[in-house]
Amino acid sequence: MADSRFVSCAWQIMDELSKSDQLESSLETCIKILTDTVGCESGSIWMRNTVDHRFYIVASSGNADVSGTSTGEDESFIGKIVKSEQSKIVDDCAAVPEIAEDKFFSTLFGKNAILVPLRTPLSVIGCLQLNNKEGGFSEADQGLLENCGALIALDVEDKGLSFSPNKDRKPLLQLKNVIKEFMSGEEMRRILKGIDLDVYEGELLVVLGESGCGKSTMLNIIGGMDQLSEGQFLVEGKDFSHPSEQELTQYRRDYIGFIFQSYNLMPNLNALENVEFIAEISNHPRDPMECLELVGLKEKWNRYPSAMSGGQQQRVCIARVIAKEPKIILADEPTAALDYETGKGVLKAIENIVKNDKKTVIMVTHNVEIAKMANRVIRLRNGLISSVRINFNPLTAEDLVW
Ligand SMILES: Nc1ncnc2c1ncn2[C@@H]1O[C@H](COP(=O)(O)OP(=O)(O)OP(=O)(O)O)[C@@H](O)[C@H]1O
Ligand SMILES: [Mg+2]
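Nothing here was measured: the structure is a model prediction, and the numbers come from that model.

Cut-offs used in this document
- One numbering rule holds for all chains: residues counted from 1, following each sequence as written.
- Ligands are numbered from 1 and chains lettered from A, in the order in which they are written.
- Reporting in this predicted model follows two pLDDT cut-offs: at least 70 for local features of residues, and 80 or more for side-chain atom pairs to be given and counted; totals over whole chains, interfaces and linings ignore these cut-offs and use all residues.
- For each residue, a C-beta atom is positioned from the backbone; the residue is called near a molecule or strand if that atom sits within 6 Å of it.
- Labels follow the DSSP assignment, with helices taken as runs of H or I lasting at least four residues and strands as runs of E lasting at least two, numbered in each case from the N terminus.
- Here the nonpolar group is Ala, Val, Leu, Ile, Met, Phe, Trp, Tyr, Cys and Pro; Asp, Glu, Lys and Arg are the charged ones; every other residue, Gly included, is treated as polar.
- Whether a residue is buried, exposed or partly exposed is read from the other C-beta atoms within 10 Å of its own C-beta, which are placed from the backbone; 20 or more gives buried, 12 or fewer gives exposed, and intermediate counts give partly exposed.
- At least two DSSP bridges between two strands are required for those strands to pair.
- Crossover handedness is defined by viewing with both strands directed away from the observer: a clockwise path from the first strand over the helix to the second marks the crossover as right-handed.
- Any set of buried Ala, Val, Leu, Ile, Met, Phe, Trp, Tyr and Cys residues joined through C-beta atoms within 7 Å is what this text calls a nonpolar core.
- Marked domain ranges trace back to an automatic or database domain assignment.

Undergrad: How should I be thinking about the site of ligand 1 in this particular structure?
TA: For ligand 1, the full set of nearby residues is F182, S184, I191, G209, S211, G212, C213, G214, K215, S216 and T217. Of all the elements in the fold, those that place two or more residues in the shell around ligand 1 are strand 7 (171-184) and helix 7 (215-222). Per-element accounting of the shell around ligand 1 gives the leading share, three residues, to helix 7. Of the residues belonging to the shell around ligand 1, the class tally is three nonpolar, seven polar and one charged.

The following block contains the structure:
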């Protein structure tokens, strides 16, 4: 029997695949369309990497950061399904040893699940996974997913998804079930409701989300400017959930550089002096003039803030952060107050830091176009991560248009 949901779902997916210029971001939308249509909690798209032949989660919807997870063909339940080339409905994940006995997979799969291999006429290139449907997944769901999966598989085959595996990377920062509450009048408001996130060395992570969803709150916890209420925050594997004042000061000094929306330059110091000022109070500062050069302001070193545009002032701020040589740079809407051209200049400076200096940058923005330059994009909604995607082919700042 034809599934009445199929036409609408297939239409949305085809529309998304045809209009988007970035395959990764359309896969993120596709998994959302599928979880919404089927009416389940979360889902992931796994793709085979043609270099190491492992399967990686390339897009997901739901509350956890599962991006970059990989599995081999002979390693897990996912691998088994792909190898068998047969779809599978699992009504009770706790009864399947391969799922139940693995901590990560048991969380990922939840109560029940459906797995559908993504096939092109020639081969199986990945797998669709949906989890946690009230009442369980049906055969109609399976048919729907198989047909929609074929549309996705053909598009991926056509456009090509080339990515390099990162399985040897260790997380620099880890948030584990992080909860943050604030007092609001008489009542306690829960702003972050259980954030799970790993941040890797050398990545540009963009955080999107509507106003008030907790982006700055999360950034402030990562930056050591605020502390979590519950959960765990690890820095290079060390527990930093409840640091002492001294540990916190040291962490901020050695690890963190913060680029705010407002520039906060000293008005009576010129560009170079503003950078030198920060360099003086850090342990291993970088040559201030070299930092100005990195942001394209070497020639303007003797300008005072009042004689610089907003974008130039923002770039001095970035030079100041670079001079400090922090491992992690946090940027909260760094281009929000800037016009297009100056905003682009600032993004190029940030891009340079990631590519040339191998720094880790976490950037909050409202601008979805800017997310295209990220290695990874997470969305926050209602204090939770609502989706994650990996950009295997990030755009350069130069190529962004908004
Ligand atoms: N120190 C605080 N005390 C009480 N409530 C706070 C505090 N900081 C943030 N909040 C509340 O937490 C919620 C999330 O704030 P946050 O600044 O993290 O949002 P955001 O996602 O950064 O929004 P925007 O995009 O507008 O910057 C808001 O409702 C805010 O009022
Ligand atoms: Mg904010």
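Next comes the rest of the account.
Undergrad: What is the right way to look at the pairing of strand 13 (residues 328-332) in this model?
TA: Sheet faces and side chains relate simply in a regular strand, where the side chains alternate between the two faces. In terms of residue burial, strand 13 counts as a mostly covered element, since five of its five residues are buried. Residues I328, L330 and D332 line one face of strand 13 and the alternating positions I329 and A331 line the opposite face, and both faces are buried. In this structure, strand 13 lies alongside strand 14 (residues 360-364), joined through five bridges in parallel fashion. Each residue of the ladder has a partner; that of I329, found in strand 14, is V361. Each parallel crossover has a hand, and for strand 13 linked through helix 12 (residues 340-357) to strand 14 it is right-handed.

Undergrad: It is not clear to me how the nonpolar core should be interpreted in this structure. Could you clarify?
TA: As a rule of thumb, soluble globular proteins bury nonpolar side chains together. In this structure, C127, V206, V275, I318, A319 and I350 are the most contacted members of the largest nonpolar core, which totals 115 residues. Residue-level mapping places this core at the junction of two domains, with at least three residues from each of domain 1 (4-159) and domain 2 (171-399).

Undergrad: How should the sheet that holds strand 11 (residues 238-239) be read in this particular structure?
TA: Consider a sheet: its strands pair through backbone hydrogen bonds, and that pairing is either parallel or antiparallel. Taken in spatial order, the four strands of this open sheet run 8-7-10-11, and their pairing is antiparallel. Taken across any chain shown, the strands that pair with only one partner, and hence form the sheet edges, are strand 8 (187-200) and strand 11. Direction of pairing for strand 10 (residues 230-235) relative to strand 11: antiparallel, over a ladder of two bridges. Along strand 11, the bridge assignment pairs V235 with K238.

Undergrad: In this structure, what is going on with unusual backbone geometry? I would like to understand it.
TA: Outside of glycine, negative phi angles account for most residues, and trans bonds account for most peptide bonds. Phi is positive for N177, which is not a glycine, with a value near 45 degrees. Topologically, N177 is positioned in strand 7. Positive phi, normally seen in glycine, also occurs at N382, with a value near 55 degrees. C-beta crowding within 10 Å serves as the criterion here: with 15 such atoms nearby, N382 is assigned to the partly exposed category.

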